[in-house]
Amino acid sequence: MKRILVTGGAGFIGSHLCERLLEAGHEVLCVDNFYTGSRRNVAHLLGNPAFELMRHDVTFPLFAEIDEVYNLACPASPVHYQFDPVQTTKTSVHGAINMLGLAKRRRAKIFQASTSEVYGDPAVHPQTEDYWGNVNPIGIRSCYDEGKRCAETLFFDYHRQHGLRIKVARIFNTYGPRMHPNDGRVVSNFIVQALQGQDITLYGEGLQTRSFCFVDDLVEGVLRLMDTPDDVTGPVNLGNPGEFTIRALAERVIALTGSSSRLVHMPLPSDDPRQRRPDISLAGQLLDWKPTIELDEGLTRTIAYFDNLLASEPV
Ligand code: NAD
Ligand code: UDP
Ligand code: UDP
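Each chain carries its own residue numbering, running from 1 in the direction its sequence is written. Whichever chain is written first is A, and whichever ligand is written first is 1; the rest continue in order. The predicted origin of the model limits local features to residues at a pLDDT of at least 70 and limits the giving and counting of side-chain atom pairs to 80 or more, whereas totals for whole chains, interfaces and linings rest on all residues.

The C-beta atom of each residue is placed using the backbone, and any residue whose C-beta lies within 6 Å of a molecule or strand is treated as near it. In the vicinity of ligand 3, 15 residues are found, and the nearest of them are Arg 185, Val 186, Asn 189, Thr 201 and Tyr 203. Secondary structure elements follow DSSP: runs of H or I no shorter than four residues count as helices, runs of E no shorter than two count as strands, and numbering proceeds from the N terminus. At three residues, the largest contribution of residues to the shell around ligand 3 is made by strand S8 (residues 200–203). Of the residues contributing to the shell around ligand 3, the split by class is six nonpolar, six polar and three charged. Amino acids are sorted into nonpolar (Ala, Val, Leu, Ile, Met, Phe, Trp, Tyr, Cys and Pro), charged (Asp, Glu, Lys and Arg) and polar (every other residue, Gly among them).

Here we come to the sheet that holds strand S3 (residues 51–55). Sheet strands pair via backbone hydrogen bonds, and the direction of the pair is either parallel or antiparallel. If DSSP finds at least two bridges between two strands, the strands pair. Strand order in the open sheet formed by seven strands is S3-S2-S1-S4-S5-S6-S11, with parallel pairing between adjacent strands. Looking at which strands have only one partner, the edges of the open sheet turn out to be S3 and strand S11 (236–238). If you compare each strand with its neighbour and ignore which way they point, the axes differ by 20 degrees on average. In terms of strand pairing, strand S4 (residues 68–71) meets strand S5 (residues 109–115) through four bridges, oriented parallel. Bridging from a neighbouring strand, Val 69 pairs with Ile 110 of S5. Axis geometry follows a simple rule: fit a line to the C-alpha atoms, using only the stretch in contact for helices, then measure angles between N-to-C directions, giving values from 0 to 180 degrees.

Each residue is classified by how many other C-beta atoms fall within 10 Å of its C-beta atom, where C-beta atoms are placed from the backbone; a count of 20 or more means buried, 12 or fewer means exposed, and values in between mean partly exposed. Across the six residues of strand S6 (residues 166–171), six count as buried, placing the element largely inside the fold. Where burial is concerned, the two faces of S6 agree: the one with Ile 166, Val 168 and Arg 170 and the one with Lys 167, Ala 169 and Ile 171 are both buried. Across six bridges, S5 lies against S6 in parallel orientation. Pairing of Phe 111 across the sheet is with Lys 167, part of S6. With three bridges joining them, S6 and S11 adopt parallel strand pairing. Within the sheet, the bridge partner assigned to Arg 170 lies in S11 and is Asn 237.

Time to look at the site of ligand 1. Of all residues adjacent to ligand 1, which total 28 residues, the nearest are Gly 8, Gly 11, Thr 36, Gly 37 and Ala 76. For the shell around ligand 1, the secondary structure elements donating two or more residues are helix H1 (12–23), helix H4 (85–106) and S5. When residues in the shell around ligand 1 are grouped by element, the largest group, three residues, is from H1. Tallied by class, the residues present in the shell around ligand 1 amount to 13 nonpolar, 13 polar and two charged.

Take helix H5 (residues 142–162) next. Here a helix's expected span is defined as the number of its residues, less one, multiplied by 1.5 Å. With 21 residues, H5 ought to run about 30 Å at 1.5 Å a step, and its terminal C-alpha atoms sit 28 Å apart, in line with that. Inspection of H5 places Ser 142, Cys 143, Tyr 144, Asp 145, Glu 146, Gly 147, Lys 148, Arg 149, Ala 151, Glu 152, Phe 155 and Tyr 158 among the buried residues, and these make up the whole buried set. For H5, the secondary structure elements touched by its buried residues are helix H3 (78–81), H4, S5 and S6. Of the residues flanking the end of H5, it is Gly 163, one or two places downstream, whose phi is positive at about 70 degrees. Contact criterion: two residues are in contact if their C-beta atoms, reconstructed from the backbone, are within 7 Å.

Across the interface, helix H8 (residues 246–257) lies against helix H10 (residues 295–312) with an axial gap of 10 Å and an inter-helix angle of 60 degrees. Considering the angle they form, H8 stands oblique to H10. For H8 against H10, the interelement crossing comes out right-handed. Seen from H8, the contacting residues are Arg 252, Val 253, Leu 256 and Thr 257; seen from H10, they are Leu 295, Asp 296, Leu 299, Thr 300 and Ile 303. Among the residues forming the contact of H8 with H10, the class breakdown is five nonpolar, two polar and two charged. For this classification, under 35 degrees means roughly parallel, over 145 means roughly antiparallel, 65 to 115 means roughly perpendicular, and everything else is oblique. Two helices crossing with the near one rotated counterclockwise from the far one by less than a right angle form a left-handed crossing, whereas a clockwise rotation gives a right-handed crossing.

Mapped onto the fold, Cys 18 is located in helix H1. Residue classification places Cys 18 among the buried positions, given that 28 C-beta atoms sit within 10 Å. A sequence separation of 15 residues divides Cys 18 from Arg 3, and the C-alpha atoms of the two residues are 12 Å apart. With near-sequence residues (within four places) excluded, Cys 18 lies in contact with Val 6, Gly 9, Val 28, Cys 30, Val 42, Leu 45 and Phe 51.

All right, on to the nonpolar core then. Each nonpolar core comprises buried Ala, Val, Leu, Ile, Met, Phe, Trp, Tyr and Cys residues, the members being joined through C-beta atoms within 7 Å. Formed by 76 residues in total, the largest nonpolar core has its most connected members in Val 6, Cys 30, Val 69, Phe 190 and Val 222. If near-sequence neighbours (up to four positions away) are discounted, Val 69 is found in contact with Leu 5, Met 99, Leu 102, Ala 103, Ala 108, Ile 110 and Phe 111.

Turning next to unusual backbone geometry. Here the residue pair His 125 and Pro 126 is connected by a cis peptide bond, since its omega of -10 degrees sits within 30 degrees of zero. Note on placement: Pro 126 falls in the loop between S5 and H5. Note that the residue after Gly 234, namely Pro 235, is joined by a cis bond; omega there is 0 degrees. By secondary structure assignment, the location of Pro 235 is in the loop between helix H7 (215–226) and S11. Positioned with a positive phi, Phe 34 is a non-glycine residue whose angle comes to about 60 degrees. For Phe 34, the location among the structural elements is in the loop between strand S2 (27–32) and helix H2 (39–42). The exposure class assigned to Phe 34 is partly exposed, which follows from the 13 C-beta atoms found within 10 Å.

Here it is in structure tokens:
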């Protein structure tokens with residue numbers, strides 16, 4: 001039994017991770033400032049004596065007596081991370097410094113939720129971990145991309161300089177229950193639009209591609225990475241290599257919901273990556289991991305979640 005800190009634990013992925021850690025018999029300290037996450041995501045865990053929820057912003061120091069850290073705090077949807085871009089960079093950079101300082105004092109192993117966005121609009125396809133990326137340093141996505149890149153730098157410098165045990169995962173687009181209905185990311189947008197009979201908003205021609213990983217698969221990969229021997233630091237790609245155009249995703253959502261929604265085109269945001277697919281050979285070798293949930297099955301489960309949610313509280 002370990003005492004484990006999960007930052008961003010009241011968010012979409014964080015709440016699933018807290019659940020799995022509690023199931024494994026650990027004590028979980030969930031730290032979140034509720035910027036994009038909510039108490040509701042962890043409401044079902046509050047009665048568990050091994051679970052503690054604390055409102056705190058990771059850009060400020062945190063003193064807690066823990067054995068392991070999973071650092072997930074950071075808004076992940078472009079709409080939210082662009083709303084207050086300076087705070088987004090601070091969350092990634094100051095948040096990483098504080099959590100690394102905490103891990104250093106505690107001699108604790110620390111995980112960083114990095115992102116496929118470190119590859120930017122990639123010139124190498126599919127993306128392997130040794131690709132250095134193609135990121136605009138001054139664009140509207142840079143607060144997120146460069147913040148996460150700097151966090152990776154800090155992790156590797158604390159590892160080299162202070163001997164910290166680090167685990168860095170580059171997470172590709174992940175979806176599933178507990179995404180916020182107004183999150184702004186493509187899967188939740190399309191499902192909510194389809195269920196409410198609204199137009200489905202394709203940005204640009206919808207020919208850009210993404211690879212979508214169901215959250216249960218992702219969390220399994222994260223846990224396996226944390227369990228590797230100390231010489232495994234990553235970065236390791238975690239994602240589902242099935243690649244779809246955004247238009248194809250919209251068509252799957254319409255088919256699975258039986259919706260009569262129409263597809264409409266909206267302007268393509270600037271710096272929107274044209275293609276993205278993980279090469280997950282390294283995760284296969286190191287973690288014996290690969291996703292098991294196909295897009296249709298994951299979408300069906302996510303649609304059921306939103307169907308319930310919208311029935312109880314329309315958005
Ligand atoms: P999310 O927005 O649901 O979760 C982020 C959580 O961090 C929220 O609960 C939010 O309130 C919290 N948070 C934000 N700023 C904070 C701060 N300063 N202090 C404390 N808490 C703060 O997003 P998610 O999809 O669950 O993403 C979790 C992590 O995984 C993020 O670091 C994200 O960058 C990374 N990631 C996610 C994806 C994806 O597709 N979901 C892909 C790549 C990387
Ligand atoms: N820190 C923290 N919790 C701790 C230990 C450190 O939040 O338990 C913060 C500390 O405030 C500092 C940061 O982590 O700003 C980096 O710590 P480190 O020891 O690496 O650097 P220093 O304190 O020497 O600046
Ligand atoms: N997108 C879209 N319609 C939406 C939301 C997003 O066409 O309502 C597109 C977006 O332009 C991007 C892709 O879907 O090309 C994935 O967007 P998301 O915000 O989910 O994540 P990203 O991978 O861009 O960070």
